[in-house]
Amino acid sequence: MWVEAGLWGSVAGSTLVLGAAVAWMVPVPRRVVAAVMAFGSGVLISALAFDLVEEAEAGGGLAATVIGLGLGATAYVGANVVLDRRGARHRKRSGDEQASEDEQPGSGAAIAVGALLDGIPESVVLGLSLLGGGGVGVPVLAAIAISNLPEGLSSAAGMKRNGRTARYVFGVWIGIAVASGIAGALGCLLLQDASPEAIAVITALAGGAILAMVIDTMIPEAVDETHLYTGLVATLGFVAAFAIHRA
């Protein structure tokens with residue numbers, strides 16, 4: 001089971017590499033990147049609302065879910081504040097906002113760690129979805145894979161514009177894809193004998209981190225370029241993910 005979880009985590013993470021490859025080879029307009037980012041934000045919010053939080057509450061109760069959400073968001077924001085000071089504030093931006101190594105030494109490492117921080121909670125959730133014995137959670141898998149594409153696209157475009165090499169860009173995203181597989185496997189392996197309450201807390205913790213990530217790093221990029229259309233595009237993503245959930 002844990003091997004399967006690792007494979008699904010890698011599959012979901014591979015769309016980050018795909019997005020980075022598109023950004024590196026094709027000059028995608030920033031408005032298009034931002035629109036896709038808005039769509040991905042809606043997809044993730046839908047998966048959180050109708051899959052992760054609902055599952056956590058059903059398995060472990062309201063208290064465990066609320067605690068997990070609060071801890072996850074707090075941990076993510078705390079780590080993000082530290083990375084922000086080291087040059088990773090605009091790691092998902094496709095324009096000139098990202099700090100270059102000349103502007104802020106060490107920013108390359110901070111951006112890489114930030115990308116890892118963004119991807120790990122999603123992969124842990126995939127691993128946990130297998131613990132019920134019914135196979136991987138398809139809506140969650142689809143949501144993560146869909147949202148990872150614009151994340152890789154936007155961030156890699158910003159990296160390229162700010163002088164990062166192909167070796168750095170693809171090293172980061174291939175590394176994140178591999179780490180996603182490992183995180184999925186560990187999420188399944190380490191918690192396969194855990195109580196429903198513990199699984200609920202961890203699931204909600206990952207959900208809280210994902211929600212904070214969407215609001216702190218994805219939506220700002222979307223709003224900067226799509227402006228008044230951001231809400232509409234995000235709603236389309238939300239509806240698409242909800243339809244997958246119901247199907």
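Residues numbered from 1 in each chain as written. Predicted model: local features only at pLDDT ≥ 70, side-chain atom pairs only at ≥ 80, totals over all residues. Heavy atoms only, no water.

Novice: Talk me through the overall build of the chain; I want residue IDs and the actual numbers.
Specialist: Along the backbone of the chain there are eight helices and zero strands. At 17 Å, the chain has a C-alpha radius of gyration in line with the 18 Å of a compact globule built from 247 residues. The principal-axis extent of the C-alpha atoms belonging to the chain is close to 50 × 35 × 30 Å. A buried classification covers 50% of the 247 residues belonging to the chain. Considering only contacts in the chain between residues 6 or more positions apart, those separated by 24 or more positions represent 85%. Of the roughly 10700 Å² that the chain leaves accessible, carbon and sulfur atoms contribute 69%. Side-chain charges in the chain split into 13 positive and 20 negative, and the spacing between the mean points of these groups amounts to 10 Å. (Helix = DSSP H or I, 4+ residues; strand = E, 2+ residues; numbered from the N terminus. Rg over C-alpha atoms; globule rule 2.2 N^0.38 Å. Buried < 20%, exposed > 50% of the residue type's maximum accessible area, 1.4 Å probe, protein only. Contact = heavy atoms within 4.5 Å. Areas by Shrake-Rupley, 256 points an atom, 1.4 Å probe, with all protein chains shown as cover. Lys, Arg positive; Asp, Glu negative; His and termini not counted. Charge placed at Lys NZ, Arg CZ, Asp CG, Glu CD.)

Novice: Before we move on, could you go through the packing of aromatic side chains and cite the residues and values that matter?
Specialist: Scanning the entire structure with this criterion turns up three aromatic pairs. Plain terms: the ring middles of Phe50 and Phe238 are 5.6 Å apart, the flat faces sit at 65 degrees to each other, and that makes the pair edge-to-face. On the criterion of sequence distance, the pair formed by Phe50 in helix H2 (residues 30–60) and Phe238 in helix H8 (residues 230–246) is long-range, its members being 188 residues apart. With relative accessibility at 24%, the residue Phe50 sits in the partly exposed group. Seen from their ring centres, Phe50 and Phe242 are 4.7 Å apart, and the 50 degrees between their planes marks the pair as tilted. In this pair, Phe50 is assigned in helix H2 and Phe242 in helix H8, connecting sequence segments 192 residues apart. Phe242 gets classed as partly exposed once you look at its relative accessible area, which sits at 28%. Through pairs of rings, three or more aromatic residues link up here, namely Phe50, Phe238 and Phe242. Between Lys160 and the ring centre of Trp24, over which it is positioned, the NZ or CZ distance is 5.1 Å. (Phe/Tyr/Trp six-rings, centres within 6.5 Å; stacked < 30°, edge-to-face > 60°. Lys NZ or Arg CZ within 6 Å of the ring centre and 35° of its normal.)

Novice: Summarise the nonpolar core; cite the residues concerned and give the values.
Specialist: Counting 21 residues, the largest nonpolar core has Leu44, Leu52, Val125, Leu126, Val140, Ile210 and Met218 as the members making the most contacts within it. When contributions to this core are tallied by element, the ones reaching two or more residues are H2, helix H4 (107–129), helix H5 (138–161) and helix H7 (196–226). Sort the elements by how many residues they give to this core and H7 lands first, with eight residues. If near-sequence neighbours (up to four positions away) are discounted, Val125 is found in contact with Leu52, Val140, Thr203, Ala206 and Ile210. (Core = buried A, V, L, I, M, F, W, Y, C linked by side-chain atoms within 4.5 Å.)

Novice: If you had to explain a nonpolar patch on the surface to someone new, which residues and values would you point to?
Specialist: On the surface, a nonpolar cluster with roughly 860 Å² of combined accessible area is contributed by Trp2, Val3, Leu7, Ile174, Val178, Ile182, Leu186, Leu189 and Leu190. Top contributing element to the nonpolar patch by residue count: helix H6 (residues 166–190), with six residues. Along the chain, Leu190 turns up in helix H6. Owing to a relative accessible area of 64%, Leu190 belongs among the exposed residues under this scheme. (Patch = residues over 30% accessible without salt bridge, like charges linked within 9 Å, V, L, I, M, F, W, Y side chains within 5 Å. Salt bridge = Lys/Arg side-chain N within 4 Å of Asp/Glu carboxyl O.)

Novice: Which residues make up helix H1 (residues 2–25), and what values go with them?
Specialist: Helical geometry: 3.6 residues make up each α-helical turn, so side chains three or four residues apart lie on a common side. Taking 1.5 Å of rise per residue, 24 residues should cover 34 Å, and H1 covers 35 Å from first to last C-alpha, within 8% of that figure. Of all the positions in H1, only Ala5, Gly6, Gly9, Ala12, Gly13, Thr15, Leu16, Val17, Gly19, Ala20, Ala21 and Ala23 are classed as buried. Taken together, the buried residues of H1 touch H4, H5 and H6. (Expected span 1.5 Å × (residues − 1).)

Novice: Account for the side chain of Thr230, naming residues and giving values.
Specialist: Relative to the helices and strands, Thr230 is located in helix H8. Residue classification places Thr230 among the buried residues on the basis of a relative accessible area of 9%. The contact partners of Thr230, leaving out residues within four places of it in the chain, are Ala38, Ala222 and Val223.

Novice: Hey, could you go over the environment of Asn148 for me, with residue numbers and the actual values?
Specialist: With respect to the element layout, Asn148 can be found in helix H5. Setting aside residues up to four positions removed in sequence, Asn148 forms contacts with Ala12, Gly13, Thr15, Leu16 and Glu122.

Novice: Explain the confidence of the model for the chain to me, and be specific about the residues and the numbers.
Specialist: Residues at a pLDDT of 70 or more form 96% of the chain, whose mean pLDDT is 85. Mean pLDDT per element in the chain: H4 is the minimum at 80, and H8 is the maximum at 90. (pLDDT = per-residue confidence, 0-100.)

Novice: Go over the pattern of salt bridges with me, naming the residues and quoting the values.
Specialist: If the charged atoms of two oppositely charged side chains come close together, the side chains can form a pair. Counted according to the given criterion, the structure contains one salt bridge. Between Glu221 and Arg30 there is a salt bridge, with its nearest N and O atoms 3.5 Å apart. Taken together, the positions of Glu221 in helix H7 and Arg30 in helix H2 put the pair 191 residues apart, joining distant regions of the chain.

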